[in-house]
Amino acid sequence: MSDPMGPDDILVITTQDFTIRGDKDLYQASYALMSYFSGLCRQGRIADAYAGPTQPPATDGHDPDDLDGEHLTIRIEVIADSIDHGITTALETMHRGFTTLGRTLPDQYSPDEIQVLTIAIGGDDLTITHLDRTAAYRRIGLTP
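From a predicted model like this one, the values you see are computed outputs, not experimental measurements.

The rules we used
Chains are numbered independently. Their residues run from 1 in the order of the written sequence. The predicted origin of the model limits local features to residues at a pLDDT of at least 70 and limits the giving and counting of side-chain atom pairs to 80 or more, whereas totals for whole chains, interfaces and linings rest on all residues. Each side-chain value is derived from all of the structure's non-hydrogen atoms; neither hydrogens nor water enter the calculation. Only runs of H or I of at least four residues qualify as helices and only runs of E of at least two qualify as strands under DSSP, and these elements are numbered from the N terminus. Here, a salt bridge means any Lys or Arg side-chain nitrogen found within 4 Å of an Asp or Glu carboxyl oxygen. Throughout, exposure labels follow a simple rule: accessible area from a 1.4 Å probe, protein chains only, divided by the maximum for the residue type, with under 20% read as buried, over 50% as exposed, and the rest as partly exposed. Any helix carries an expected span of 1.5 Å times its number of residues minus one. We call two residues in contact whenever any of their non-hydrogen atoms come within 4.5 Å of each other. Geometry of aromatic contacts follows a simple scheme: Phe, Tyr and Trp rings, the Trp one being its six-membered ring, pair when their centres are within 6.5 Å, and the pair is stacked under 30 degrees between planes, edge-to-face over 60, tilted otherwise. Paired strands, as defined in this entry, are two strands with at least two bridges between them according to DSSP. Interaxial angle, 0 to 180 degrees, is taken between N-to-C directions of lines fitted to C-alpha atoms, where a helix line uses only the stretch in contact.

Points about the environment of Asp124
Alright, step 1. Along the chain, Asp124 turns up in the loop between helix H3 (111-120) and strand E4 (126-132).
Alright, step 2. Measuring from C-alpha to C-alpha, the distance between Asp124 and Gln16 comes to 8.5 Å, with 108 residues separating the pair along the chain.

A short note on the pattern of salt bridges
Alright, step 1. Taken as a whole, this structure holds three salt bridges when the rule is applied.
Alright, step 2. A salt bridge links Glu77 to Arg75, with the shortest nitrogen-to-oxygen separation between them at 3.1 Å.
Alright, step 3. On the accessibility criterion, Glu77 (3% relative accessible area) is buried.
Alright, step 4. Through salt bridges with shared partners, a single ionic network connects Asp48, Arg75 and Glu77.

Looking at helix H2 (residues 83-104)
Alright, step 1. The end-to-end C-alpha distance of H2 is 31 Å, a good match for the 32 Å that 22 residues give at a rise of 1.5 Å each.
Alright, step 2. Among all positions in H2, only Gly86, Ile87, Thr89, Ala90, Thr93, Met94, Gly97, Phe98, Thr100, Leu101 and Gly102 are buried.
Alright, step 3. Buried residues in H2 make contact with strand E1 (10-20), helix H1 (26-43), strand E3 (70-80), H3 and E4.

Examining the packing of aromatic side chains
Alright, step 1. Enumeration according to the criterion identifies two aromatic pairs in this entry.
Alright, step 2. Ring centres of Phe18 and Phe98 lie 4.9 Å apart, and the angle between their planes is 85°; on these two criteria the pair is classed as edge-to-face. Note that Phe18 is positioned in strand E1 and Phe98 in helix H2, a separation of 80 residues in sequence.
Alright, step 3. A relative accessible area of 3% places Phe18 in the buried class.
Alright, step 4. Residue class for Phe98 comes out buried when judged on its relative accessible area of 0%.
Alright, step 5. Taken together, a centroid distance of 5.9 Å and an interplanar angle of 55° make the contact between Tyr36 and Phe37 tilted.

Some points on the sheet that holds E4
Alright, step 1. Pairing in this open sheet of four strands is antiparallel, and the strands run E2-E3-E1-E4 from one edge to the other. In this open sheet, the two edge strands, each paired with only one partner strand, are strand E2 (48-54) and E4. Strand-to-strand twist across the sheet, computed as the mean angle between neighbouring axes with direction ignored, equals 15°.
Alright, step 2. When E1 meets E4, the two strands line up antiparallel, connected through seven bridges. From the neighbouring strand, Thr15 faces E4, where its bridge partner is Thr127.
Alright, step 3. Its contacts with the sheet put H1 on E1, E2 and E3, and the angle it makes with E2 is roughly 175°.

That is the geometry; function is a separate question.
So, in structure tokens, the structure goes:
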């Protein structure tokens, strides 16, 4: 088996939570997104991905059942030669995923809704972490 990470490569992990308004089937949306992301994993364009519904943490005075919409988390992991390259690839992947979602589930996501989601990419709920080759391998229980 060939080593997917070169000695100077890093693993860039981007995660973002999105608020999905209206009566949407987030499991159907997750399936559509994961189908798209899985294809990119098989092609070697990204290392791993996740899309699924999430429950935001309850805060003081906030009813966790009153969410002003449902929440969808997307995580994209990219092996890259720089943090900037990894972030760019991950954000483009999220954007294309939402575009695919609009084509896959047009009865649930209008072009305007897809545009709102794509505009939110890179917003306040985006987290970015990165690991060097040794840390990335330790994360999955291997030694480089």
